[in-house]
Amino acid sequence: MERMTLESRIRTLSKVELHLHLEGAIPLAALWDLLSKYGRPADIRSRDDLERRFTYRDFPHFLDTWRWKNGYLREYDDFTLIASEVAADLAAQGIVHAEAFFSPGDFTQHGLRTQRLAEAIRKGLDAHAGAITVNLVADLVRDFGPDQGRIWLRELAEVQSLGIVGIGIGGSEHAFPPEPYAAVYREARELGFRTSAHAGEAAGPASVWGAVRALGVDRIGHGTRAAEDPALVAWLVEHRVPLEMCPISNLRTGVVASLAAHPIRAFFDAGVVVTVNTDDPKMFNTSLAEEYEALAAHLGFTWDEIRALNRNALAAAWCDNEEKRRLGDILGATDESLKG
């Protein structure tokens, strides 16, 4: 198949994404408006300057930039705005279902309450309900500690009906291991939440082992550095725990030296349940189509393998069987139309 033909098929394909941070997916035009609303820094005089801000020395520098950007989300209306803009952007890319993280703890500095924050986000997402379904996953951000995480978990339970399907822990993985969150994760399951954890991104295989053994997660966010431990890879294959992999994110933050060196090909070939995602697409200048195109260009993924990755995402999605059947019909119809 000619490369441009493959790219065309990828961009036309109806897609599912499972690891996307709402605050990292804000289209730059909307983020520019927020900076203008609250006062742009002196060194950001144009949108080109803003785009250049999203270049990182390493993972801690990325986290510093993340916190800087989040400082411009200060009111509930800001979240309705960004949720609507993100949903519209995803739908325009052919994404029919997404599961998006949001981080309540990052905005307590502005006096924003978890419940009202979730309501504001859902209001924005619902503006595009006919084009895309977006379930929410709350990032408890491990930097704040498990005691605070438990408080946010219980607040989230009050508004679970807003499509909040799960929890996770992002943040400074290299500084805060997962094990202290074991009791929080047990309570989350009792409340009916699904669970994930960022692991194997900024820390090594021990972090992934902690997430699967101590937290009992349903999915792993990233999991990239699990490749350093063959026994862990074998465990992931045996237990069918899906990985929410984000190749271009890993490249941008220095987790891998190149896309060709990314372990996703080896994981896929070994039988690990791999899904492909963008993480923070506007902060990493990527899209789900570009992720798939990069896998084809640098790691030899074929059209059939890309379709398999997309089906993995649907199988691992946190929605009920009826919704999976509906989405499966959409994905199948797209596959059929792109044959030949």
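Read on for an overview of the structure. (Residues numbered from 1 in each chain as written. Predicted model: local features only at pLDDT ≥ 70, side-chain atom pairs only at ≥ 80, totals over all residues. Heavy atoms only, no water.)

A tally of regular secondary structure across the protein chain gives 16 helices and 8 strands. Since a compact globule built from 340 residues should have a radius of gyration of about 20 Å, the 19 Å found for the protein chain is in line with a globular shape. Judged by the C-alpha coordinates and their principal axes, the protein chain covers about 55 × 45 × 40 Å. The burial tally for the protein chain puts 59% of its 340 residues in the buried class. Only carbon and sulfur atoms are counted for the fraction: they give 49% of the accessible area of the protein chain, which is about 13300 Å². With 37 positive and 49 negative side-chain charges, the protein chain shows a spacing of 1 Å between the two charge centroids. (Helix = DSSP H or I, 4+ residues; strand = E, 2+ residues; numbered from the N terminus. Rg over C-alpha atoms; globule rule 2.2 N^0.38 Å. Buried < 20%, exposed > 50% of the residue type's maximum accessible area, 1.4 Å probe, protein only. Areas by Shrake-Rupley, 256 points an atom, 1.4 Å probe, with all protein chains shown as cover. Lys, Arg positive; Asp, Glu negative; His and termini not counted. Charge placed at Lys NZ, Arg CZ, Asp CG, Glu CD.)

The geometry of an aromatic ring pair is captured by the separation of the ring centres together with the interplanar angle, meaning the angle of the planes. Scanning the model with the defined rule gives 10 aromatic pairs in all. On the numbers, 5.3 Å between centres and 85° between planes, the contact of tyrosine 56 with phenylalanine 62 is edge-to-face. Of the two residues examined, tyrosine 56 and phenylalanine 62, each falls in the buried class. Here tryptophan 68 and tyrosine 72 contribute two aromatic rings whose centre-to-centre distance is 5.6 Å and whose plane-to-plane angle is 70°, an arrangement assigned as edge-to-face. Each member of the aromatic cluster is reached from another via a ring pair, and the members are Tyr56, Phe59, Phe62, Trp66 and Phe284. Taking the ring centre of tryptophan 209 as reference, the NZ or CZ of arginine 213 above it sits at 3.8 Å. (Phe/Tyr/Trp six-rings, centres within 6.5 Å; stacked < 30°, edge-to-face > 60°. Lys NZ or Arg CZ within 6 Å of the ring centre and 35° of its normal.)

Before going further, it helps to spend a moment on unusual backbone geometry. The phi angle at histidine 222 is positive, at roughly 80°, despite the residue not being glycine. Residue position: histidine 222 is located in strand β6 (residues 219–222). Unlike most non-glycine residues, arginine 240 shows phi in positive territory, near 55°. Mapped onto the secondary structure, arginine 240 falls in the loop between α10 (230–239) and β7 (243–245).

Quick look at the state of the cysteines now. Counting across every chain of the model gives 0 disulfides. Cysteine cysteine 246 remains unbridged, with the sulfur of cysteine 319 as its closest cysteine sulfur at 18 Å. (Disulfide = S-S within 2.5 Å.)

Now for the side chain of asparagine 310. Mapped onto the secondary structure, asparagine 310 falls in helix α15 (residues 303–316). With near-sequence residues (within four places) excluded, asparagine 310 lies in contact with Leu13, Ser14, Lys15, Val16, Tyr292 and Leu331. (Contact = heavy atoms within 4.5 Å.)

In total, this model carries 21 salt bridges according to the counting rule given. Among the ionic pairs, glutamate 75 bridges to lysine 37, the shortest N-O distance being 3.1 Å. In this pair, glutamate 75 is assigned in the loop between α4 (59–70) and α5 (76–92) and lysine 37 in helix α2 (residues 28–38), connecting sequence segments 38 residues apart. Among the residues examined, glutamate 75 registers a relative accessible area of 38% and is labelled partly exposed. Several salt bridges share partner residues, and in doing so they unite Asp147, Arg150, Arg154 and Glu187 into one network. (Salt bridge = Lys/Arg side-chain N within 4 Å of Asp/Glu carboxyl O.)

A word on the pairing of strand β3 (residues 133–139). Two faces, one strand: in a regular strand the side chains alternate between the faces of the sheet. For β3, the buried fraction is high: 6 of the 7 residues fall into the buried class. Of the pairings in the sheet, the one linking strand β2 (residues 95–102) to β3 comprises 6 bridges and is parallel in character. Its bridge partner lying in β3, alanine 98 is registered against valine 134. Traced from β2 through helix α6 (residues 114–126) to β3, the parallel crossover comes out right-handed. In the sheet, β3 pairs with strand β4 (residues 164–168) via 4 bridges, with the strands oriented parallel. Bridge pairing in β4 links valine 137 to glycine 166. (Pairing = 2+ DSSP bridges. Right-handed = clockwise from strand over helix to strand, strands pointing away.)

In this section: the packing of helix α14 (residues 288–299) against α15. Angle between the axes and distance between the axes are the two parameters that describe a pair of packed helices. Running from N to C, α14 and α15 point in directions that differ by 140°, and their axes come no closer than 11 Å. One element, α14, and the other, α15, form an angle in the oblique class. The way α14 lies across α15 gives a crossing that is right-handed. Facing α14, whose interface residues are Tyr292, Leu295 and Ala296, α15 presents Ile306, Leu309 and Asn310. Residues of the contact of α14 with α15, tallied by class, amount to 5 nonpolar, 1 polar and no charged. (Axes fitted to C-alpha atoms, helices over the stretch in contact; angles between N-to-C directions. Parallel < 35°, antiparallel > 145°, perpendicular 65-115°, else oblique. Left-handed = near helix turned anticlockwise from the far one by under 90°. Nonpolar A, V, L, I, M, F, W, Y, C, P; charged D, E, K, R; others polar.)

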